[in-house]
Amino acid sequence: MSSDRVFIFDTTLRDGEQSPGATLHTHEKLDIAKQLARLKVDVIEAGFPAASPGDLDAVAEIARTVGKPEGPIICGLARANPQDIAKCWEAVQHAARPRIHTFLATSDIHVQHKLRMTRAEVIATVGDMVALAKQYCDDIEFSPEDAGRSDPEFLYQVLAAAVASGARTINIPDTVGYTTPEEFGGLIRDIIAHTSGVRERDVVVSVHTHDDLGLAVANALAGVRAGARQVECTINGIGERAGNCSLEEVVMALYVRKPFYGLVTGIDSPEIHRTSDMVSRYTGLVVQPNKAIVGANAFAHEAGIHQDGMLKHKRTYEIMDAELVGAPESKLVLGKHSGRHAFRNRLVDLGYELDEAQVNEAFRRFKELSDKKKRVTDADIEAILGEQLYQPIEVWHLEQVQVICGNKNIPTATVLLRREDGEELASTAMGTGPVDAVYQAIQKIVQAPNQLIEYTVQGVTAGIDAVGDVTVRVQGEGELLRVNPQTGPHRTIYSGRGVDTDIIVASAKAYVQALNRLILTARERKEAV
Ligand code: KIV
Ligand code: ZN
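Here is a short report on the structure shown in this document. Predicted, not measured: the structure shown is a model, and the values here were computed from it. (Residues numbered from 1 in each chain as written. Chains lettered and ligands numbered in written order. Predicted model: local features only at pLDDT ≥ 70, side-chain atom pairs only at ≥ 80, totals over all residues. Heavy atoms only, no water.)

**A word on the site of ligand 1**
Taken together, R14, D15, H101, F103, S143, E145, N171, P173, T175, H208, H210 and Q486 make up all the residues around ligand 1. D15 has a polar side-chain atom sitting 3.1 Å from an oxygen atom of ligand 1. Of the residues contributing to the shell around ligand 1, the split by class is 2 nonpolar, 7 polar and 3 charged. (Near = heavy atom within 4 Å. Polar contact = N/O pair within 3.5 Å; in protein donor to acceptor, adjacent residues only side chain to side chain. Nonpolar A, V, L, I, M, F, W, Y, C, P; charged D, E, K, R; others polar.)

Structure follows, in structure tokens:
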């Protein structure tokens with residue numbers, strides 16, 4: 001407990017994936033887990049194995065591939081019941097360092113209305129279930145869900161039962177993001193002081209905060225100041241409702257303010273930006289431009305007064321270097337006449353290790369872009385690489401899209417799609433606008449019942465020739481519900497993202513990607529679409 005090392009427990013693949021629209025497929029989870037290992041997180045919470053056979057397989061695959069002896073601990077979540085715990089072990093056992101994380105709610109509102117248990121039953125269940133988990137695995141973490149709104153005296157008793165049964169980490173969730181930093185820090189201090197066994201057995205106290213009041217990072221930092229030595233967080237702060245504590249923010253706060261906190265993490269910070277981009281692309285959850293550390297504007301200095309100050313002394317307006325978090329510089333790098341060699345060198349400088357086929361494909365995309373756009377910046381290159389590399393498996397591929405529209409025409413679209421077996425299908429449809437017409441034409445071919453619930457477009461870079469970045473979210477109709485470990489069954493939302501200088505093409509790509517996700521999920525769950 002006296003150590004100055006803070007463990008970073010990443011739950012992007014579990015709590016992060018519980019964000020509406022963030023559904024990930026096995027290969028995407030695996031890619032993210034590999035990147036989290038490069039980022040050097042200490043623990044990866046890889047999923048909730050009891051949710052479905054597909055979820056269990058994904059956690060097992062991550063345990064086998066990423067859970068190497070020198071790699072991170074691989075953890076799975078389990079409700080405090082024997083079935084969930086057995087399924088969790090089935091998945092994480094393949095890791096060199098497996099962990100079972102089990103939880104049960106402790107606030108009166110949860111205990112009375114959700115669990116319908118007495119306090120005595122809660123204490124007994126926690127003791128029994130941690131002991132059961134301990135029979136499978138030595139490394140057990142326990143969380144009292146909604147600890148932030150629980151009676152502290154009761155909390156100490158529940159936590160003491162978990163510790164007595166062998167929990168090595170007790171994680172304190174502010175499940176609904178209700179507490180303030182002063183309260184949460186005080187709660188952690190009190191838990192360490194009053195929970196029997198915590199100090200004697202050197203149990204790690206962990207914090208797990210949500211952002212409903214925008215206080216997740218502040219609360220986590222207050223918890224760490226009070227003695228917590230593990231922080232549970234997600235990349236880009238994604239998660240249920242307003243999200244979780246953001247990994248990049250808490251890590252960089254500890255780094256930049258080391259003289260204040262006197263603590264260290266093991267994170268390889270230059271990997272932050274790439275991880276953020278990968279998670280954003282795979283989940284379809286776009287990072288807001290003004291987001292700390294990873295937002296597009298986080299290191300941009302546009303106002304004249306700031307630029308003047310920056311030229312005189314960099315630290316006037318910048319508390320850390322962009323390179324420290326791996327942010328790409330948005331400078332002019334290459335143009336229409338740049339050759340393959342220069343392009344490849346730029347990829348290496350940006351930190352990409354691609355094989356020959358990937359470089360060829362990236363170069364083809366770059367040439368296509370530089371024909372349309374004079375200034376190709378690092379940010380553009382990251383955008384085309386993101387679109388190339390972080391893709392779901394393609395059941396349908398957009399070959400062509402053509403639209404007729406204008407103030408005197410009924411918007412009409414023709415699309416040509418290629419199915420995974422190579423067959424090409426075309427269709428034409430009219431719509432209320434060009435995007436609607438394109439979506440109707442695509443749906444005529446794909447026929448995956450869905451409802452479009454969100455459509456957003458933004459520019460990757462500034463200017464008339466900017467690359468457009470479109471995100472859509474669709475909700476499948478008539479499919480099986482997915483189990484959320486905390487809130488129960490719910491309808492899944494699928495995201496898709498497309499990038500192109502033509503926003504109609506970007507829109508079509510985004511829609512096809514969302515439908516591919518919907519179809520793949522149905523396949524993983526063995527449903528008909
Ligand atoms: O927010 C929460 O309470 C959780 C627990 C399952 C740890 O995510
Ligand atoms: Zn949570």
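**Quick notes on the coordination of the zinc ion (ligand 2)**
Each donor-metal-donor angle would ideally measure 109.5 degrees in four-coordinate tetrahedral geometry, or 90 or 180 degrees in six-coordinate octahedral geometry. Looking at the zinc ion (ligand 2), one finds its protein donor set to be D15 (OD), H208 (NE2) and H210 (NE2), positioned 2.0 to 2.1 Å from the metal centre. All donors to the zinc ion (ligand 2) come from one chain, and their sequence spacing reads D-x192-H-x1-H. Of this pair, D15 sits in the loop between strand 1 (7-10) and helix 1 (26-39) while H210 is found in the loop between strand 7 (204-209) and helix 8 (216-225), placing the two residues 195 residues apart along the sequence. Summarising the burial analysis for this pair, D15 and H210 share the class buried. (Donors = N, O, S within 2.8 Å, 3.2 Å for Na, K, Ca; no water. Helix = DSSP H or I, 4+ residues; strand = E, 2+ residues; numbered from the N terminus. Buried < 20%, exposed > 50% of the residue type's maximum accessible area, 1.4 Å probe, protein only.)

**Details of the pairing of strand 5 (residues 140-145)**
With 6 of its 6 residues buried, strand 5 lies for the most part within the structure. Where strand 4 (residues 98-105) lies against strand 5, 6 bridges are found, and the strand directions are parallel. Among the inter-strand pairings, T102 is bridged to a residue of strand 5, identified as F142. (Pairing = 2+ DSSP bridges.)

**A few points about unusual backbone geometry**
Trans is the common state for peptide bonds, and a negative phi is the common state for residues other than glycine. Of note in this structure, K40 is not a glycine but carries a positive phi near 70°. Within the fold, K40 resides in the loop between helix 1 and strand 2 (43-47). By relative accessible area, which is 47% here, K40 ends up partly exposed.

Geometry only, nothing functional implied.
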